[in-house]
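Structural characterization, general
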There are 2 protein chains.
Amino acid sequence: MPLWPIHRQNRIKRLILSTYQAASGAGAAAMEELVESTRASLAGRAYQRTVLPHPYAFNVFNHDTRIDPETGYNEEETKVIKETRKIFEDDRIAVGVTCVRVPVLRGHCQAITFECEKPITEQEVGTILSEAPGVKIIDDRVKNYFPMPIDASGQDDVLVGRIRKDLSDPSGHSISMFVAADQLLKGAALNAIQIAELLPERAMA
Amino acid sequence: MPLWPIHRQNRIKRLILSTYQAASGAGAAAMEELVESTRASLAGRAYQRTVLPHPYAFNVFNHDTRIDPETGYNEEETKVIKETRKIFEDDRIAVGVTCVRVPVLRGHCQAITFECEKPITEQEVGTILSEAPGVKIIDDRVKNYFPMPIDASGQDDVLVGRIRKDLSDPSGHSISMFVAADQLLKGAALNAIQIAELLPERAMA
């Protein structure tokens, strides 16, 4: 969502992202499994998991959807690629993605690096995002305060921060940033409304 | 470490990585803070943190080292860039990095995407890594079994999996993979030994 207003002004050609996904995306039972397995771990008790394929307490694992044995990508990653192209109305956008579950109850994060067609600065991205609907910039380098799941949880806005030059692209076409959002709210419903709100503007563009 | 044997055969030009770093990297007090704050969270009690700058229980935050206010990169990220160039003996390698703490007690993970000078396939990477000292491949697409902190914890080997074509680079020069390692062991000491073991071979190369 924070990429769309950037893409409108300076086409995003390539996108590489890694996710830090919460239990909530897998449903209430997964959230309970995280709570109960963590409780068991702290008490030194064994825990018999029933929802997720791997131990969740104090652990990280790749997304629990099916992996395509040919490509090595899981269904969540394939969905990210497809939906990005659909929302951007751009089949050419090149997307590389790694979806990972972290032991967080609610609130997804993403570390994003994107490359634009024309050069772009972190100041330009900051200006675009500060005017974007549904986006809140949290980017305090002095206090080391950036988007976190606990702050995104229960919020409508997508939190964006750590907006900075991607040092792996000296050409100045690439930016990295870190995003947190409450996927319980940023799911199909709210997204659909916000995209619909943009439609007249897009139709005029 | 798993990149070095690849780099020797096919120079890595560009590297983009996101980390999933455990409490242990910040010391025993940080591990205790994760345990005690999680215990408090599960009991619905408040917790007064003293070690890390953000709530750690069921949360994710950007690395707690100082941020350079000019570049927006934290010291951990700057260290990753410098050490990669030093170990690779290659100042030209372009590195983009995001360092993040996750609520894991022990065992760092990294989602890595790298671009080589010549085309490279996931099969070639698999072959190189299967012969690399200190690297163990865990890459089971059918069982969705890949490197996890709980498996890396207490191991000498760096676990590598999810070796696959980076779909954001259609030219076939880029690979993505996921790595887990116990940084308590993979710190300066063991790394120094393993690099030293490679030296005669490197001197002959």
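Residues numbered from 1 in each chain as written. Chains lettered and ligands numbered in written order. Predicted model: local features only at pLDDT ≥ 70, side-chain atom pairs only at ≥ 80, totals over all residues. Heavy atoms only, no water.

Looking only at helices and strands, chain A has six helices and eight strands in total. Secondary structure elements of chain A, listed N to C terminal, follow the sequence α-β-α-β-α-β-β-β-α-β-α-β-β-α. Counting only residues that meet the buried cut, chain A has 56% of its 205 residues in that class. With an accessible surface of roughly 8,800 Å², chain A has 53% of that area assigned to carbon and sulfur atoms. (Helix = DSSP H or I, 4+ residues; strand = E, 2+ residues; numbered from the N terminus. Buried < 20%, exposed > 50% of the residue type's maximum accessible area, 1.4 Å probe, protein only. Areas by Shrake-Rupley, 256 points an atom, 1.4 Å probe, with all protein chains shown as cover.)

Further remarks concern the relation of the copies chain A and chain B. Each copy superposes on the other: chain A lies on chain B with an RMSD of 0.0 Å after a rotation of 180 degrees and an axial shift of 0.0 Å. The two molecules are tied by a two-fold rotation axis, judged by turn and shift. (Least-squares fit on C-alpha atoms with pLDDT ≥ 70 in both.)

In this section: the pairing of strand β8 (residues 174–181) of chain A. Residues and elements named next belong to chain A. The buried fraction of β8 is high, at eight of eight residues. Neither face of β8 is open: one carries S174, S176, F178 and A180, the other I175, M177, V179 and A181, and all of them are buried. Pairing geometry for strand β5 (residues 108–116) and β8, over eight bridges, is antiparallel. Looking at the pairing, C109 lines up with A180 of β8. (Pairing = 2+ DSSP bridges.)

Turning to the interface of chain A and chain B, a few remarks are in order. Taken together, the 65 residues of chain A in the interface contact 65 residues of chain B. Of the roughly 5,100 Å² buried between chain A and chain B on both sides combined, carbon and sulfur atoms contribute 58%. Here chain A is connected to chain B by five salt bridges. Between E77 of chain B and R162 of chain A there is a salt bridge, and its shortest N-O distance comes to 2.5 Å. In terms of residues, the side of chain A that touches chain B owes the most to one element, strand β1 (residues 12–20) of chain A, which gives six residues. (Contact = heavy atoms within 4.5 Å. Buried area = accessible area lost by both parts, 1.4 Å probe. Salt bridge = Lys/Arg side-chain N within 4 Å of Asp/Glu carboxyl O.)

Residue and element names in this part refer to chain B. One open sheet accounts for six strands, arranged β3-β1-β5-β8-β7-β6; its pairing is mixed. Only two strands of the sheet have a single partner each, and these edge strands are β3 (94–98) and β6 (135–137). Across this sheet, the average inter-strand angle for adjacent strands is 25 degrees, counted without regard to direction. Note: strand β7 (residues 158–165) against strand β8 (residues 174–181), five bridges, orientation antiparallel. Its bridge partner lying in β8, G161 is registered against F178. With respect to the sheet, helix α4 (residues 122–130) is in contact with β5 (108–116), β6, β7 and β8, its orientation differing from that of β7 by roughly 165 degrees. (Axes fitted to C-alpha atoms, helices over the stretch in contact; angles between N-to-C directions.)

The end-to-end C-alpha separation of helix α3 (residues 75–87) of chain A is 18 Å, in line with the 18 Å expected for 13 residues at 1.5 Å each. Among all positions in α3 of chain A, only E76, E77, V80, I81 and T84 of chain A are buried. Projected down its long axis, α3 of chain A carries its buried residues within an arc of 145 degrees, all on one side. α3 of chain A presents K82 and K86 of chain A as exposed residues on the side facing more than 90 degrees away from its buried surface. Here the buried face of α3 of chain A lies against β1 and β3 (94–98) of chain A together with β7 of chain B. Count one or two residues on from α3 of chain A and you reach E89 of chain A, which has phi positive near 50 degrees. (Expected span 1.5 Å × (residues − 1). Arc of directions from axis to C-beta.)

Residue and element names in this part refer to chain A. Pairing is mixed in the open sheet, where six strands are placed in the order β3-β1-β5-β8-β7-β6. The outermost strands of the open sheet, each flanked by one partner alone, are β3 and β6 (135–137). Taking each pair of neighbouring strands and ignoring which way they run, the sheet shows an average axis angle of 25 degrees. Packing against the sheet, α3 makes contact with β1 and β3, and its axis sits at approximately 150 degrees to β3.

Residues and elements named next belong to chain A. Over its 16 residues, helix α2 (residues 28–43) runs 23 Å from end to end, which matches the ideal 22 Å to within 8%, given 1.5 Å per residue. Buried residues of α2: A30, E33, L34, V35, S37, T38, A40 and L42, and no others. Immediately beyond the C-terminal end of α2, within one or two residues, lies G44, with a positive phi of roughly 70 degrees.

For Y20 of chain A, the location among the structural elements is in strand β1. For the pair Y20 of chain A and H7 of chain A, spaced 13 residues apart in sequence, the C-alpha to C-alpha distance is 23 Å. A polar side-chain atom of Y20 of chain A sits 2.7 Å from the main-chain carbonyl oxygen of T19 of chain B. (Polar contact = N/O pair within 3.5 Å; in protein donor to acceptor, adjacent residues only side chain to side chain.)

Our next topic: the pairing of β3 of chain A. All names here are of chain A. β3 sits mainly inside the fold: five of its five residues count as buried. Alternating residues of β3 divide into A94, G96 and T98 and V95 and V97, and every residue in both groups is buried. Note: β1 against β3, five bridges, orientation parallel. The partner of L17 across the bridge, within β3, is V97.

Here we take up the packing of α2 of chain A against helix α2 (residues 28–43) of chain B. Two numbers describe how α2 of chain A lies on α2 of chain B: the axes approach to 11 Å, and their chain directions differ by 125 degrees. As summarised for this structure, α2 of chain A and α2 of chain B are arranged oblique, according to the angle between their axes. As α2 of chain A packs across α2 of chain B, the resulting crossing turns out to be left-handed. Contacts between α2 of chain A and α2 of chain B involve V35, T38, R39 and L42 of chain A from the former and V35, T38, R39 and L42 of chain B from the latter. Residue composition of the contact of α2 of chain A with α2 of chain B, by class: four nonpolar, two polar and two charged. (Parallel < 35°, antiparallel > 145°, perpendicular 65-115°, else oblique. Left-handed = near helix turned anticlockwise from the far one by under 90°. Nonpolar A, V, L, I, M, F, W, Y, C, P; charged D, E, K, R; others polar.)

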